Amino acid sequence: MPNKTDRQRAIRELIEARPIGSQEELRRLLFGRGWDVTQSTLSRDLREMRLARVPTGDGVRYAFTSAAMAEDRPRLEELMPRFFQQVDGVSELCVLHTAAGGAQPVAEAIDLAQWPEVMGTIAGENTILIICRSAAGREKIQRKLRLLGRADG
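Residues numbered from 1 in each chain as written. Predicted model: local features only at pLDDT ≥ 70, side-chain atom pairs only at ≥ 80, totals over all residues. Heavy atoms only, no water.

Considerations on the pattern of salt bridges
Moving on, step 1. Scanning the entire structure with this criterion turns up 11 salt bridges.
Moving on, step 2. We note a salt bridge from Arg28 to Glu24, for which the minimum N-O separation is 3.7 Å. With Arg28 and Glu24 both in helix H2 (residues 23-32), this residue pair falls four residues apart, about one helical turn.
Moving on, step 3. Among the ionic pairs, Arg53 bridges to Glu125, the shortest N-O distance being 3.1 Å. Highlighted residues: Arg53 in strand E1 (residues 51-56) and Glu125 in the loop between strand E5 (118-123) and strand E6 (127-132), separated in sequence by 72 residues.
Moving on, step 4. Given the relative accessible area of 30%, Arg53 is considered partly exposed.
Moving on, step 5. What you see here is one network of salt bridges that share partners, running through Glu24, Arg27 and Arg28. (Salt bridge = Lys/Arg side-chain N within 4 Å of Asp/Glu carboxyl O. Helix = DSSP H or I, 4+ residues; strand = E, 2+ residues; numbered from the N terminus. Buried < 20%, exposed > 50% of the residue type's maximum accessible area, 1.4 Å probe, protein only.)

Notes on the sheet that holds E5
Moving on, step 1. Read across the open sheet, the four strands follow the order E3-E4-E6-E5; overall the sheet is antiparallel. Edge positions in the open sheet fall to strand E3 (84-90) and E5, since each of these has one partner strand only. Adjacent strand axes in the sheet meet at a mean angle of 20 degrees when their direction is disregarded.
Moving on, step 2. As paired elements, strand E4 (residues 93-98) and E6 share five bridges and run antiparallel to each other. Note that in E6 the partner of Cys94 across the bridge is Ile130.
Moving on, step 3. Packed onto the sheet, helix H4 (residues 76-83) meets E3 and E4 and runs at close to 100 degrees relative to E3.
Moving on, step 4. Against the sheet, helix H5 (residues 103-113) contacts E4, E5 and E6, and its axis sits at roughly 165 degrees relative to E5. (Pairing = 2+ DSSP bridges. Axes fitted to C-alpha atoms, helices over the stretch in contact; angles between N-to-C directions. Contact = heavy atoms within 4.5 Å.)

See below:
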């Protein structure tokens, strides 16, 4: 029976050969190559291989990440006009709604911006929870996000 190294080699080959936008799509392609993997195994492989879903001109797809690629990642100023839909909040909590697939890259860009008002982010598919240090900080973040979201890209 093939091992984890062989399975991850197959994942690498598939990712490099074509755009793949979801774990389910990747799981089906692996099945076509004889790999019947569970979602949890595939998630673990993707994490270990440092693969992430990133926005491209053709939609969201899996790509390899690395520290060297961090400088090449789109900045918040580039992402917000593309993905911003609305922002709201209460107390120290800010909720940012994005277009489908936009939450993860926008949350990462917010984290990389290292705004002093932000403690951290949690992202889903199209919603980001931003935990701020204070209610005043949350208000400031909301203003920044609205301005960035309406900027001419």
